[in-house]
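Residue-level listing of the chains:
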Amino acid sequence: MQLRIAILEGDDIGLEVVPEAVKVMKAAAAKAGLAVEWLPLPIGRAGHASHGHSMPQFTVDSLKTVDGWLQGPIGHNAYPRGDATWINPPLRKIFELFANVKPVKSYPNIESIHKNVDIVFLREVTEGMQSGSVTFAGTGEFRPNDDITIGHRVITRKGSNRVARAAFEIARTRTRKRVTAVHKEPIFRLACGMFAEECRKVAQEYPDVSFDEVLVDGFAMKLVMKPQPYDVVVTTNQFGDILTDEGAGLVGGLGLAPGLCIGAHQAMAQATHGSAPDIAGQNIANPYAMIMSGKMLFEWLGHQRGLPEAVAAAAAIDAAMDAVIADARALTGDLGGSGSTRDMGDAVAAAIG
Ligand code: ATP
């Protein structure tokens, strides 16, 4: 079976880090015997130039034909009024990408608050506080008069169940096989209660994975003080928004924060960082997050489609990145090295062999 993966470079440093991720993924695919058809598609300024919009309908339609895609960041301030440059919420809706998967991993020789951290967060991203509704604004807020603002939160059994299931599926592929659900059920008995109930139900179906629950406030504290015991953490939209940034901060910040938005059949690899116009065009951006997002795409597709070659390609990228980081010579400036964006991509691709 051949995978079909789209490449959406985006703007600014997207034009630099996405090609490095593709270079590394191609090297890993060749090594693992994985057949991939690559499909470049325009978004951002390239979308404007060719189709008059930062997310052209042509690109959206083409994405319906692929297994997954790499998405670079968009430069939010560079577009004419009226162009919806906020492309993630619509894309998540169209493709039902319901969970944002964000790993938080420390490396022995990279400065971080904690060592021996290896956590995968799953944040539900289609409901919760940021779900919006037909009548309210995109954040689920409205203001009946100038003195009151009302926000609402939507939690469904379907949404909770599928993100919990995705967490258990990922935990099954890991050594420690542990899922921690983070919520605040004693206070939000209905909303967090429903989320927790669905997590417990799904846990019953995975006797090989251990399961526990932690209240979000205590979890935020434990994450700062002793993050090492956690393996896979699943939570609702807004709690996840905050906790994943906290997690990234524990191990070195934005440059080390990859991500994958997963749906039932497709996934989108996307680094947490933005388009960083302040450093664009200088060949100094750190490609780690984009490369590791691509690695996550291979890994997810490998398990989802039953493709051991894709799992092997992901493992090869992981091992190569470990080696390049341990060696340290090709690392970019933000990681304490003196390498360029291309040096680091080249080094990882070369380490794959
Ligand atoms: P957005 O609104 O698109 O999320 P932002 O301005 O909030 O963008 P970033 O574009 O991520 O955030 O940039 C924040 C800071 O981090 C900038 O100083 C930028 O140069 C730096 N930065 C972001 N990504 C990288 C990277 N891959 N390598 C090095 N520095 C980066």
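To keep things clear, this report deals only with the structure shown in the data block. (Residues numbered from 1 in each chain as written. Predicted model: local features only at pLDDT ≥ 70, side-chain atom pairs only at ≥ 80, totals over all residues. Heavy atoms only, no water.)

**Looking at the environment of Met25**
Positionally, Met25 belongs in helix 1 (residues 14-32). Among the residues examined, Met25 registers a relative accessible area of 0% and is labelled buried. For Met25, the contacting residues outside a window of four places in its chain are Ile5, Trp38, Leu70, Gly294, Leu297, Phe298 and Ile317. (Helix = DSSP H or I, 4+ residues; strand = E, 2+ residues; numbered from the N terminus. Buried < 20%, exposed > 50% of the residue type's maximum accessible area, 1.4 Å probe, protein only. Contact = heavy atoms within 4.5 Å.)

**Overview of the sheet that holds strand 11 (residues 260-262)**
The strand order across the open sheet formed by 10 strands is 2-1-3-12-11-4-5-10-8-9, and the pairing between neighbours is mixed. Edge strands, defined here as strands with exactly one partner in the open sheet, are strand 2 (36-40) and strand 9 (210-215). Across this sheet, the average inter-strand angle for adjacent strands is 20°, counted without regard to direction. Its contacts with the sheet place helix 5 (residues 157-172) against strand 4 (99-105), strand 5 (118-124), strand 8 (178-183), strand 9, strand 10 (232-235) and strand 11, and it is angled at close to 160° to strand 5. (Pairing = 2+ DSSP bridges. Axes fitted to C-alpha atoms, helices over the stretch in contact; angles between N-to-C directions.)

**A few points about unusual backbone geometry**
Trans is the common state for peptide bonds, and a negative phi is the common state for residues other than glycine. If you check the backbone angles, Glu96 has positive phi at about 45° while not being a glycine. Accessibility expressed as a relative area gives 39% for Glu96, which makes it partly exposed. Even without glycine at this site, Asn116 takes up a positive phi of about 55°. Its place among the elements puts Asn116 in the loop between strand 4 and strand 5.

**A few points about helix 5**
Over its 16 residues, helix 5 extends 22 Å from the first C-alpha to the last, a length consistent with the 22 Å expected when each residue adds 1.5 Å. Every buried residue of helix 5 is accounted for by Gly159, Ser160, Asn161, Arg162, Val163, Ala164, Ala166, Ala167, Phe168, Ile170 and Ala171. (Expected span 1.5 Å × (residues − 1).)

**Considering the site of the ligand**
Taken together, Ile13, His76, Leu254, His273, Gly274, Ser275, Ala276, Asp278, Ile279, Ala285 and Asn286 are the residues near the ligand. The contact in question runs from a nitrogen atom of the ligand to an N or O atom on the side chain of His273, over 3.4 Å. Between the ligand and Asp278, the relevant distance is 2.9 Å, taken from an oxygen atom to a side-chain nitrogen or oxygen of the residue. Coverage of the ligand by the protein amounts to 60% of the 620 Å² it exposes when considered alone. Across the shell around the ligand, the residue classes tally to five nonpolar, five polar and one charged. (Near = heavy atom within 4 Å. Polar contact = N/O pair within 3.5 Å; in protein donor to acceptor, adjacent residues only side chain to side chain. Areas by Shrake-Rupley, 256 points an atom, 1.4 Å probe, with all protein chains shown as cover. Nonpolar A, V, L, I, M, F, W, Y, C, P; charged D, E, K, R; others polar.)

**Focus on the pattern of salt bridges**
One pass over the full model with this rule turns up 26 salt bridges. Among the salt bridges present, the one from Lys23 reaches Glu20, with a minimum N-O distance of 2.6 Å. Placement of the pair is Lys23 and Glu20 together in helix 1, with a separation of three residues, close to one helical turn. The exposure class assigned to Lys23 is partly exposed, which follows from its relative accessible area of 29%. Judged by its relative accessible area of 5%, Glu20 falls in the buried class. One salt bridge connects Lys64 with Asp61, and the closest N-O pair in it is separated by 3.5 Å. It is possible to trace a salt-bridge network through shared partners that takes in Lys105, Lys295, Glu299, Asp318 and Asp322. (Salt bridge = Lys/Arg side-chain N within 4 Å of Asp/Glu carboxyl O.)

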